[in-house]
Every structure is written in C-alpha cells, then in structure tokens.
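Breakdown of the fold
Single-letter residue listing:
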Amino acid sequence: MSTTTEKAAARPPAPPATASRDRRRRQSRRRQSIGVQNAAGWLFSTPFLVLFTVFMAFPILATLVMSFTDFGLRNVTRPWEAEFIGFENYVKLFGDEKFLKSLFNTGYFVVVGVPLTIGIGLVTAVLLNNGIDRARTFFRVGFYAPVVTTIVAVAVVWRFVLDPSDGLIAGLFSEVGWTAPDFLGSETLAMPSLIVMAVWRNVGTVMVLFIAGLQAVPTEVREAAKLDGASVWQEFRRITVPLLRPTLLYATVITTIGYLNVFEEPFVMTQGGPSDSTLTVSLNMYREGFNFFHMGYASAMAYVLFVVIMAITVLQLRLLKDNTK
C-alpha cells in the first residue's frame, strides 16, 4: 500500500486546463503580432512596389513584347495596332552591318577598357593605401572627383585636351614642332581616345573598392610574410591579390557591365563617328528607337545586349568562383 502511494506521489501532476489555455492565448497573440508586422511591412513597401511596377517592371515586360512586333511611330498612340512578327527583328539584327559594327565597337571598348580600369584602379589603391602618407585624403578625393562629375563637364574638358588646333595636347606637340593628330576625327584614334576618357572617369570607383578590400586584409598575414623574407612584389602577388579576389570579381563585373552599356561618351563626344567607328550598341539602340522610331527593332537590340551581358557576367562568376571561396 505504501509503495502505491509513493508512486502516485512521484508521478508529476497533470497540467491544469488554465495553463493550456494560456499557452494557446500566447500563441494566438504571437501570430497576431507577426501578422501585424507583416501587414505594416507591406504597407510601407507599397509606394516602392507601385513605383517599381509602373516605371520598371511594366516597361521591361512591354519592351520584351515590343521586340516581337513592328512597333513604330504610328503605334505610339495606338499600340494595339502593332503587328506581331515573331523573331523577325532578331533575325534582321544579325544581318545588319551597322549593328554588327556597333557590337564589335562595344567589344573593343570592353576588352581594352576593363583591364586598364581594373589595373590602374588597383595600382592607385595600393599606392594610396600604403605608399602615400601625406595628403592621402586629398589624392583620394582627386581620383574620385571624375566619377561624380557630369558628362557634359567631362566632355568640355576632354574636347579642349584633344582639340587638334588649340587643345592642350596640340600645344605640347607644337612645342616640339609636330602637328597634333585629330583624335576625335580619326577612325583609328577616336575609340582609343574615348577609352582613355572612360578609364579616367571610372578608375575612381574601382580605386575606392580596392581600398576597402585592402583595408580588410589582415595585417598579421602581411607581417608574417615579411618575417619569412617575402619581397614587396611577392607579398602583393601571393597574399594581397588572392585575398582581394572577391573585390576583384565585383569590380570586374560592374565595370564590364558599365562598359557594355557605354552610351554617354560616344553620344557626347563623337555621335558615333567618324564613319561609325565609335558607334556602340547602346548608341545604335538610341538612334533606332528615338531618331528613326523603329522601337520594336530597338527593343530587340536591347534584349540581345541583355543576353550578352548576362552571358559574360555568368562566365566571369564561374571563372573566379573557385578563387573567391
């Protein structure tokens, strides 16, 4: 009898019904609180979502549909009358010599401009981070100033520099008795001149990214390399550059995307000339859409450029993915 009583005393008491009801109330309040928070989040996000849908998502989808039509000036007020022509615009693109020329010019701009921008930006960042002690902030601001300068001001400066008669370079040539070439009027020199201007304008962005990456490199690793007898070049090549792989990947991707979309430099400086030697895909797209009102054709051009950008970006990510782990 005593054993049975002891077992009954050792058994935990059953939870009262009130405890179960309190638990359900707390769970209900928690769900209501989460629901209110979600509703508040959607409420505050609504202005952005409306603006994004109206000014971004809808135009992107409309442009995709437009690329399969013969949409032109006559359809601006009556878009429903545009005729669906399937892939005709895309097929026409690859038989268009002007488009192929613009595609080649854009590739030339990227292949030459991106390595120059990345290389100069990296060297400048290393010098500003380690090699210059005095007026470091002044130099950083000076190198970054072109990034925040409007293209109109940049064009005025570079036209003065490159002017074959009264420009800065012409004055230097005249000092030694030479005649300065017409940089923007030459089919051979016009694109390299725009590349130099683009590198000068964009190297500040890459420099800032690399400075941030350099400051994240542990000083203990560098000190250990110095103690092991590593030279400055060995430390840079075997320690700094590998640790900068994520920054290098990001800088390369955004610079490549920007240069594939290059528009302002040729539009302001050369208008695509001379003889279409500086005509890029974006400038060609602008002409077809807003000068000739071949908007369906221009939309197809935009999506071909989009596919090219996506393919190159995926290729860059795959080539550098293992090195960023």
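Before any of the text, the structure's been laid out above.
These remarks concern the structure in this document.

Calculation rules
Residues numbered from 1 in each chain as written. Predicted model: local features only at pLDDT ≥ 70, side-chain atom pairs only at ≥ 80, totals over all residues. Heavy atoms only, no water. Helix = DSSP H or I, 4+ residues; strand = E, 2+ residues; numbered from the N terminus. Rg over C-alpha atoms; globule rule 2.2 N^0.38 Å. Buried < 20%, exposed > 50% of the residue type's maximum accessible area, 1.4 Å probe, protein only. Patch = residues over 30% accessible without salt bridge, like charges linked within 9 Å, V, L, I, M, F, W, Y side chains within 5 Å. Areas by Shrake-Rupley, 256 points an atom, 1.4 Å probe, with all protein chains shown as cover. Salt bridge = Lys/Arg side-chain N within 4 Å of Asp/Glu carboxyl O. Lys, Arg positive; Asp, Glu negative; His and termini not counted. Charge placed at Lys NZ, Arg CZ, Asp CG, Glu CD. Expected span 1.5 Å × (residues − 1). Core = buried A, V, L, I, M, F, W, Y, C linked by side-chain atoms within 4.5 Å. Contact = heavy atoms within 4.5 Å. Polar contact = N/O pair within 3.5 Å; in protein donor to acceptor, adjacent residues only side chain to side chain. Axes fitted to C-alpha atoms, helices over the stretch in contact; angles between N-to-C directions. Parallel < 35°, antiparallel > 145°, perpendicular 65-115°, else oblique. Left-handed = near helix turned anticlockwise from the far one by under 90°. Nonpolar A, V, L, I, M, F, W, Y, C, P; charged D, E, K, R; others polar.

So, on to the overall build of the chain. Tallying secondary structure elements over the chain gives 14 helices and zero strands in all. Listing the helices and strands of the chain from first to last along the sequence gives α-α-α-α-α-α-α-α-α-α-α-α-α-α. Computed over the C-alpha atoms, the radius of gyration of the chain is 31 Å, more than 25% above the 20 Å expected from 2.2 N^0.38 for a compact globule of 325 residues. Sorting the 325 residues of the chain into buried and exposed places 34% on the buried side.

On to a positive patch on the surface, then. A cluster of basic residues, Arg21, Arg23, Arg24, Arg26, Arg29, Arg30 and Arg31, forms a positive patch at the surface. Position of Arg29 relative to the elements: it lies in helix H2 (residues 17-66).

For the rest of this paragraph, the subject is helix H11 (residues 245-260). With 16 residues, H11 extends 22 Å between its outermost C-alpha atoms, agreeing within 8% with the 22 Å of an ideal straight helix rising 1.5 Å per residue. Every buried residue of H11 is listed here: Thr247, Leu248, Leu249, Ala251, Thr252, Val253, Thr255, Thr256, Tyr259 and Leu260.

Ranked by internal contacts, the top residues of the largest apolar core, which has 48 residues, are Phe109 and Phe210. Elements with a minimum of two residues in this core: helix H3 (88-93), helix H4 (97-131), helix H6 (151-162), helix H8 (190-215), H11, helix H13 (281-291) and helix H14 (295-321). Of the residues forming this core, the biggest block, 11 residues, is contributed by H8. Every residue in contact with Phe109, bar those within four places of it in the chain, is listed here: Val114, Met191, Leu194, Ile195, Ala198, Tyr259 and Val262.

This part takes up the environment of Val241. Within the fold, Val241 resides in helix H10 (residues 232-243). Between the C-alpha atom of Val241 and that of Gly213, which follows or precedes it by 28 residues, the distance is 10.0 Å.

The next thing to look at is unusual backbone geometry. Note the cis peptide between Gly273 and Pro274, where omega equals -5°. Note on placement: Pro274 falls in the loop between helix H12 (264-269) and H13. The backbone of Ser275 shows a phi angle near 55°, a positive value even though the residue is not glycine. In this fold, Ser275 is placed in the loop between H12 and H13. Notably, Asp276 is not glycine yet its phi reads approximately 60°, a positive angle. When its relative accessible area of 22% is taken as the criterion, Asp276 is described as partly exposed.

Attention now moves to H6. In this model, H6 (12 residues) spans 16 Å end to end at C-alpha, consistent with the 16 Å of a helix rising 1.5 Å per residue. Buried residues along H6 sit in contact with helix H7 (168-175), H8 and H12.

As a further point, take the side chain of Gln316. Relative to the helices and strands, Gln316 is located in helix H14. Polar side-chain contacts of Gln316 include one of 3.0 Å to the side chain of Thr256. With residues near it in sequence (within four places) discarded, Gln316 still touches Leu249, Thr252, Val253 and Thr256.

Moving on to a nonpolar patch on the surface. A cluster of nonpolar residues, Trp42, Phe48, Leu49, Val50, Leu51, Phe52, Val54, Phe55, Met56 and Ile60, forms a patch on the protein surface that exposes about 1000 Å² of accessible area. Counting through the fold element by element, Ile60 comes out in helix H2. A relative accessible area of 44% means that Ile60 is categorised as partly exposed.

Now for the packing of H8 against H11. When two helices pack together, their arrangement is given by the angle between their axes and by how far apart the axes lie. The geometry of H8 relative to H11 is characterised by a closest axis approach of 10 Å and an angle of 160° between their N-to-C directions. As summarised for this structure, H8 and H11 are arranged roughly antiparallel, according to the angle between their axes. In the crossing of H8 with H11, the sense of the turn from one axis to the other is right-handed. Between H8 and H11, the contacting residues are Ala198, Val199, Asn202, Val206, Leu209, Phe210 and Gly213 on the first element and Thr247, Leu248, Tyr250, Ala251, Ile254, Thr255 and Tyr259 on the second. Class assignment for the residues of the contact of H8 with H11 results in 10 nonpolar, four polar and no charged.

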